[in-house]
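Notes for the structure review
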Amino acid sequence: MAKVLIVEDNEHNWDMLSRRLTRRNYSIVLAHDGLSGVEAAEAETPDIILMDVNLDGIDGLEATRRIRQIESIAQVPIIAITAHALAGDREKAIAAGCDDYHTKPVELPRLLGQMETLLGDKAP
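Residues numbered from 1 in each chain as written. Predicted model: local features only at pLDDT ≥ 70, side-chain atom pairs only at ≥ 80, totals over all residues. Heavy atoms only, no water.

1. Topic: helix H5 (residues 108-119)
Worth spelling out the cut-off: Each helix corresponds to a stretch of at least 4 residues labelled H or I by DSSP, and each strand to a stretch of at least 2 residues labelled E; elements are numbered beginning at the N terminus. Take the residue count of a helix, subtract one, and multiply by 1.5 Å to get its expected span. In what follows, residue pairs with any heavy atoms lying within 4.5 Å of each other are defined as contacts.
Over its twelve residues, H5 runs 16 Å from end to end, which matches the ideal 16 Å to within 8%, given 1.5 Å per residue. Residues of H5 that are buried make contact with strand S1 (3-7), helix H1 (11-23), strand S3 (48-52), strand S4 (78-82) and strand S5 (100-103). Looking one or two residues past H5, Gly-120 carries a phi angle of roughly 60°, positive in sign.

Okay, here's the thing in structure tokens:
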């Protein structure tokens, strides 16, 4: 079972994502801010991370940069998720170390496709 770390500060969003992904045989770990996301990534060694870009404390891009500096988890795929889709945001996310980018509202079939591509054989 692939383990997904969801780093999201909006209760509605983390609840919706975690329930839908659990039904698709993913194991879920939650973090509610950027720093907790970095700590959870290191402690839990997820197979993939869904990183909200706009978080309290350190934002998702800074959290991604920090994760990429931790050797044991530096290669974990990260999908940036944001409601603020402005020109250049995708490029900023990729430059910070994200592997892909998804805009809110979450389109579950598209997100699952992105996840499966990045997970390869680990996808359920």
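2. Digging into the sheet that holds S5
Here is the rule we go by: In this description, strands pair whenever DSSP reports at least two bridges between them. In this analysis, axes come from line fits to C-alpha atoms, helices being fitted only over the stretch in contact, and the angle between any two N-to-C directions falls in the range 0 to 180 degrees.
The strand order across the open sheet formed by five strands is S2-S1-S3-S4-S5, and the pairing between neighbours is parallel. Pairing within the sheet leaves two strands with one partner each, and these edge strands are strand S2 (27-31) and S5. With strand direction ignored, the average angle separating the axes of adjacent strands in the sheet is 20°. Two elements, S1 and S2, share five bridges in a ladder whose sense is parallel. Following the sheet pairing, Val-4 is matched in S2 by Ile-28. Against the sheet, helix H3 (residues 60-68) makes contact with S3 and S4, and its axis sits at roughly 150° relative to S3, the strand it touches most. H5 contacts S1, S3, S4 and S5 of the sheet and is inclined by roughly 170° relative to S5.

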